[in-house]
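Observations on chain architecture
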Amino acid sequence: MLMYKTSSAQEIYTLQKALQTAKANNPLLNTQQLNVGISEADIVTAQLRPNPNLNNQTLLLTRSASYPNNSDWYNAQNRQVWWQLTKVIQLPSQRQAKIDLAQKNTQLSQKAFGETERSVLQDVALKWLDVWTARKQLDILQIAKTNTDSLVSINKIRLGKEVITSTDLTRTALLANQYALQLKSNEQIYQNELLNLKFMLGTQDRIDIDTKDDFTYVFSTQLDSLLQQALANRSDIQLYKAGIQVAESNIKLQKSLATPQPILGMIYNPQNTIPYVGFYGAIDLPFFSRNQGEIKKSYIQKQQAEKGLQATQTLVQTELLTAYNTYQTQKKNIEQFKDLLSKSESILSSVKYSYLHGGTTIVDYLEAQRSWLDTQQQYYDTLQQYRQSYIKLLYASGLINQMAQ
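Computed from a predicted structure; not experimentally measured.

Overview of the overall build of the chain
In terms of helices and strands, the chain carries 9 helices and 6 strands. Computed over the C-alpha atoms, the radius of gyration of the chain is 38 Å, more than 25% above the 22 Å expected from 2.2 N^0.38 for a compact globule of 405 residues. Judged by the C-alpha coordinates and their principal axes, the chain covers about 140 × 55 × 30 Å. Taken over 405 residues, the chain has a buried fraction of 40%. Contacts in the chain between residues far apart in sequence, at least 24 positions, make up 82% of those at least 6 positions apart. Summing over all exposed atoms, the chain offers an accessible surface of approximately 22,900 Å²; the carbon and sulfur share of this is 53%.

Okay, structure coming up:
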């Protein structure tokens, strides 16, 4: 019986549950999510209209000889006051262009968050797999130690009956002690990986992983289908497409800003107690600056986004083909390895039976035990590589985001 049992107070995580939890609680994702809120605030700013401007100018008569009779410097007859209320008249096309650009930037932030989420989910999945592998290595090492401890107990009895020599018992006990030391080391590795996973999940609860999770998630393993899915929905593709939309909106905005915005207002101007009322108007004359630089830059930014999309589409095809080929190779490897497992089990049982009945030496048995453990460890190493290739295929196709839904 294994000594490492999962406590009922622990939260058990399948791979999919770990991804869902990380999506909701991962510290990095929670931080990056705020970028979407920041960009949404820019929409509010874009919708605001320019404030009116109130201007006051007061002129005082400084030569006292010019004062009217019986008046002081602060008398209304000795000053001129200028009150001017003006407002920039924002053209409807300019305001709408600003709003549209802010909305497109919000969509860009959402797509950028989706790309960050894809990377974080891959890291979480690989870390979950690290925990799974550490636990499996711990379990098979515990089985090996239990088998060796059992043999030590049997050999003590057999030594008392003088069936074996003390050397047989010493060798068996030595191997059991080696396994005990390895168990302590592997237990620490397992606990360390569990803590790393706990941080990535963003939880303070005690956790463990579901070692029975067999990774049987349904998705098409046809390369053409995966490629179509990746090119249509992968988050970095969506990010560049959103970037192109932002660039197009920015072109419209920069073109609209080439048109000067008029400033209109009213003036109230009491001069030496005589009131005057007037109107104010001003507009830039676009002789030199017509926003040519920003317009040109906006077109270059669109070209940059389009080239980035083309490069990313090529990269997606390369990444997906590499991930797919690796997945197929590892899948074949794990299928071929299953035959080695059954053979190592059969050999160990046969040698153990032969040793206990005097048909072989302790050296043969211990060698069979080590060979069994090596085969088991190699199998789980191969299985880890297979599952890593599966996770990377999900990442390359963009399906890993869907697993967290």
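Notes on the packing of helix α3 (residues 92-160) against helix α6 (residues 235-256)
Running from N to C, α3 and α6 point in directions that differ by 165 degrees, and their axes come no closer than 8 Å. One finds that α3 runs roughly antiparallel with respect to α6. Handedness of the crossing formed by α3 with α6: left-handed. In terms of residue class, the contact of α3 with α6 is made up of 8 nonpolar, 12 polar and 8 charged.

Observations concerning the environment of asparagine 269
Topologically, asparagine 269 is positioned in the loop between β5 (263-268) and β6 (277-282). Sequence-wise, asparagine 269 and serine 119 are 150 residues apart; in three dimensions their C-alpha atoms are separated by 65 Å. A polar contact of 2.5 Å, which involves the side chain of asparagine 269, links it to the side chain of glutamine 271.

Rules and cut-offs
- Here the residue numbering is sequential within each chain, running from 1 through the sequence in written order.
- Where totals are concerned, whole chains, interfaces and linings use all residues; where local detail is concerned, this predicted model gives features only for residues with pLDDT of at least 70, and gives and counts side-chain atom pairs only at 80 or more.
- Excluded from the side-chain calculation are hydrogens and water; included are all heavy atoms of the structure.
- Helix and strand definitions here come from DSSP, where helices need a minimum of 4 consecutive H or I residues and strands a minimum of 2 consecutive E residues; each element is numbered from the N-terminal end.
- Note that the radius of gyration is over C-alpha atoms, with the globule rule given as 2.2 Å times the number of residues to the power 0.38.
- Only protein chains enter the accessibility calculation, which uses a 1.4 Å probe; a residue whose area is less than 20% of its type maximum is buried, one above 50% is exposed, and one in between is partly exposed.
- Contacts: residue pairs with any heavy atoms within 4.5 Å of one another.
- Exposure was quantified through the Shrake-Rupley algorithm and a 1.4 Å probe, taking into account, for residues, occlusion by the shown protein chains and nothing else.
- Fitting a line to C-alpha atoms yields each axis, with helices limited to the stretch in contact; the angle taken between N-to-C directions then spans 0 to 180 degrees.
- If an angle is under 35 degrees, it is roughly parallel; if it is over 145, roughly antiparallel; if it lies from 65 to 115, roughly perpendicular; otherwise it is oblique.
- Left-handed describes a crossing in which the near helix is turned anticlockwise from the far one by less than a right angle; the clockwise case is right-handed.
- Residues are grouped as follows: Ala, Val, Leu, Ile, Met, Phe, Trp, Tyr, Cys and Pro are nonpolar; Asp, Glu, Lys and Arg are charged; all remaining types, including Gly, are polar.
- In the analysis that follows, any N or O atom pair within 3.5 Å is treated as a polar contact, provided that within protein one partner can donate a hydrogen and the other can accept it, and provided that, for residues neighboring in sequence, both atoms belong to side chains.

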